[in-house]
Amino acid sequence: VQLVESGGGLVQFGGSLRLSCAASGFTFSIYLMRWYRQAPGKERELVATITSAANTYYANSVKGRFTISRDNVKNTVYLQMNSLKSEDTAMYYCNAFLVGRADYWGQGTQVTVSS
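**Side note on the sheet that holds strand β8 (residues 76–81)**
Think of a sheet as strands paired side by side through backbone hydrogen bonds, with each pair either parallel or antiparallel. Strand order in the open sheet made by the four strands is β1-β3-β8-β7, with antiparallel pairing throughout. Every other strand in the sheet has two partners, leaving β1 (2–6) and β7 (66–71) as the edge strands with one partner each. On average, adjacent strands in this sheet sit at an angle of 15° to one another, irrespective of strand direction. Relative to β8, strand β3 (residues 17–24) is paired through six bridges, and the arrangement is antiparallel.

See the structure below:
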């Protein structure tokens, strides 16, 4: 099983980034996919969720700015991040979850927003 995040980097305040998480080794289409983030000295925070039926949910702090999506052919989940703020600076992690079955994590990708 692998979850490989990419797309992080340094971006200016107000800019955009698109994170990707490529999955392999499990039946991607039936899994709940989530993006979490963790800033230094803070707890890990759930940012966005997309169900197997493509229903989406967002933390209040990112609602209207971030969009989660999935491609079940490419086995990839995305996080489009717009209007980035300094408080969005964090390590972003991809998570695949199936109730009672599995809970997989990627290694993370760093997002840094400069003011």
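**Some words on the state of the cysteines**
Counting across every chain of the model gives one disulfide. In this model, Cys-21 is linked to Cys-94 through a disulfide, with the two sulfur atoms separated by 2.1 Å. Taking the torsion about the S-S bond as the criterion, the Cys-21 to Cys-94 disulfide, at about -80°, is left-handed. Of this pair, Cys-21 sits in strand β3 while Cys-94 sits in strand β9 (residues 90–98), and the two are 73 residues apart along the sequence. Classification of Cys-21 as buried rests on a relative accessible area of 0%.

Parameters and conventions
Residues numbered from 1 in each chain as written. Predicted model: local features only at pLDDT ≥ 70, side-chain atom pairs only at ≥ 80, totals over all residues. Heavy atoms only, no water. Pairing = 2+ DSSP bridges. Helix = DSSP H or I, 4+ residues; strand = E, 2+ residues; numbered from the N terminus. Axes fitted to C-alpha atoms, helices over the stretch in contact; angles between N-to-C directions. Disulfide = S-S within 2.5 Å. Buried < 20%, exposed > 50% of the residue type's maximum accessible area, 1.4 Å probe, protein only.

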